[in-house]
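Each chain is listed here by its residues.
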Amino acid sequence: KVSCISKHNFGYLLNIPDVFEYKTDNEINHKITCKLLNKDGIDVKLDGRLIKYKGQMVENKPHGKGLILLDKIIYTCDWVDGKLNNPVLIDYINGDKYNGDINNFCKNGVGEMQYSNGNFYKGDWKHDKHHGKGLMNYSNGDVYEGDWGGCDTTLSKGVWKYANGDVYEGCFKN
């Protein structure tokens, strides 16, 4: 059978059309259904989750500018021969916006996030979380620059500059 979606480096390859099942490394069964809508779009169902692609296509594969709608999140990216290329722009339903690298539809690598509450983060990401070096400008005027331990609210070692001018440098624990 022809696969319509498969892992490949920074994202997925889409090849049209078919219905098939596959097992992941942890032996979980998945069912995928692909439907070529027209020369500009594809509907893909992955375990019942609808992934919609709208954009440029060449030989029934995404190629050029395109949008993906998955779980009410819009991904805007470039494609080459069915392969998603970084960086990706992500618009969330709550108004948050991300610009950076993803892997398997998770923020992974380097990117920046403008939060709808006014906070702004620029730095490293792993599995959708701040992880590694990063800078957070908080809407209240505070700024933290340093290490992030892998959870959005877990800081490690860095410098916290408070809006009132106070500065703390050292280790942080949530």
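In this convention, every chain numbers its residues from 1, walking through the sequence in written order. Whole-chain, interface and lining totals are the exception, using all residues; otherwise, since this is a predicted model, local features are given only for residues with pLDDT of at least 70 and side-chain atom pairs are given and counted only at 80 or more. In computing side-chain values, all of the structure's heavy atoms are included and hydrogens and water are not.

Chemist: Could you clarify how one ought to interpret the nonpolar core in this entry?
Modeler: Across soluble globular proteins, nonpolar side chains have a tendency to be buried as a group. In this text, buried Ala, Val, Leu, Ile, Met, Phe, Trp, Tyr and Cys residues form a nonpolar core when linked through side-chain atoms within 4.5 Å. For every residue, the accessible area (1.4 Å probe, protein chains only) is compared with the maximum for its type, and the residue is labelled buried under 20%, exposed over 50%, or partly exposed between those bounds. Membership of the largest hydrophobic core comes to 25 residues, with the highest contact counts inside it found for Ile68, Tyr75, Leu84, Val88, Ile90, Tyr98 and Ile102. The secondary structure listing takes helices from DSSP runs of H or I that are at least 4 residues long and strands from runs of E that are at least 2 residues long, numbered from the N terminus. When residues of this core are traced back to their parent elements, those giving at least two are strand S6 (49–58), strand S7 (61–70), strand S8 (73–80), strand S9 (83–91), strand S10 (97–103), strand S12 (120–126) and strand S14 (143–149). When residues of this core are assigned to their parent elements, the largest contribution, 4 residues, is made by S8. Whether two residues are in contact is decided by their heavy atoms: any pair within 4.5 Å suffices. When near neighbours in sequence (up to four residues on either side) are disregarded, Tyr75 contacts Gly66, Leu67, Ile68, Leu70, Val88, Leu89, Ile90, Ile102 and Phe105.

Chemist: How should I be thinking about unusual backbone geometry in this particular structure?
Modeler: The general pattern is negative phi for most residues beyond glycine and trans for most peptide bonds. A cis amide bond, omega 0°, links Asn86 with the succeeding residue Pro87. Relative to the elements of secondary structure, Pro87 occurs in strand S9.

Chemist: Help me understand the packing of aromatic side chains in this model?
Modeler: Aromatic rings considered in pairs are described by the distance between their centres and by the relative angle of their planes. Here a Phe, Tyr or Trp ring, Trp counted by its six-membered ring, pairs with any other such ring whose centre lies within 6.5 Å, and the pair is stacked when the planes are under 30 degrees apart, edge-to-face when over 60, and tilted otherwise. Throughout the structure, instances matching the rule amount to 7 aromatic pairs. Centroid distance Tyr98 to Trp125: 5.4 Å. Interplanar angle 85°. Geometry classified as edge-to-face. Of the two residues, Tyr98 sits in strand S10 while Trp125 sits in strand S12, which places them 27 residues apart along the sequence. Classification of Tyr98 by relative accessible area gives buried; the value is 2%. What makes Trp125 buried here is its relative accessible area of 4%.

Chemist: Whenever I open this one, the pairing of strand S11 (residues 106–114) confuses me. Can you help?
Modeler: On a regular strand, one side chain projects to one face of the sheet and the next to the other, so that they alternate. Any two strands are treated as partners once DSSP identifies two or more bridges connecting them. Bridging between S10 and S11 involves 6 bridges; their strand directions are antiparallel. Note on S11: the bridge partner recorded for Asn99 is Glu112. The loop that links S10 with its antiparallel partner S11 comprises 2 residues; one of these, Asn104, has a positive phi angle of about 55°. Where S11 folds back onto S12 in an antiparallel hairpin, the turn is made up of 5 residues, including Gly118, whose phi is positive at roughly 100°.

Chemist: Sorry if this is basic, but what is going on with the environment of Tyr53 here?
Modeler: Inspection of the secondary structure assignment puts Tyr53 in strand S6. Here Tyr53 falls in the buried class, since its relative accessible area comes to 3%. Sequence separation of Tyr53 and Gly66 is 13 residues, and the distance between their C-alpha atoms is 6.9 Å.

Chemist: Looking at this structure, I do not really get a nonpolar patch on the surface. What am I missing?
Modeler: On the surface, a cluster of nonpolar side chains totalling about 220 Å² of accessible area is made up of Leu67, Leu69 and Ile74. Position of Ile74 among the secondary structure elements: in strand S8. Each patch is built from residues lacking any salt bridge and having more than 30% relative accessible area; the joining distance is 9 Å for like charges and 5 Å for nonpolar side chains (Val, Leu, Ile, Met, Phe, Trp, Tyr). Residue burial considers only the protein chains on display, and all accessible areas are found by Shrake-Rupley using a 1.4 Å probe. We define a salt bridge as a side-chain nitrogen of Lys or Arg found within 4 Å of a carboxyl oxygen belonging to Asp or Glu.

Chemist: Where do I start with the confidence of the model for the protein in this structure?
Modeler: Note: predicted coordinates in regions of low pLDDT should not be interpreted at a detailed level. Looking at the protein, the pLDDT average stands at 75 and 67% of residues meet or exceed 70. You can read pLDDT as the predictor saying how much it trusts each residue, on a scale of 0 to 100. Within the protein, the element-level pLDDT minimum falls on strand S1 (residues 5–8), averaging 38, and the maximum on S12, averaging 96. Across residues 1–28 the pLDDT falls below 50, and counting only partners more than four positions away or on other chains, this stretch makes 80 contacts in the model.

Chemist: Got a minute to help me understand the pattern of salt bridges in this structure?
Modeler: Opposite charge on two side chains allows them to pair when their charged atoms are near. All told, the structure shown has 4 salt bridges when counted by the stated rule. Between Asp78 and Lys65 there is a salt bridge, and its shortest N-O distance comes to 3.0 Å. Remark: Lys65 occurs in strand S7 and Asp78 occurs in strand S8; sequence separation between them is 13 residues. According to the relative accessible area criterion, Asp78 is partly exposed, its value standing at 34%. Look at Lys65 and you get exposed, because its relative accessible area is 54%. For the salt bridge of Asp91 with Lys97, the shortest nitrogen-to-oxygen distance reads 2.7 Å.

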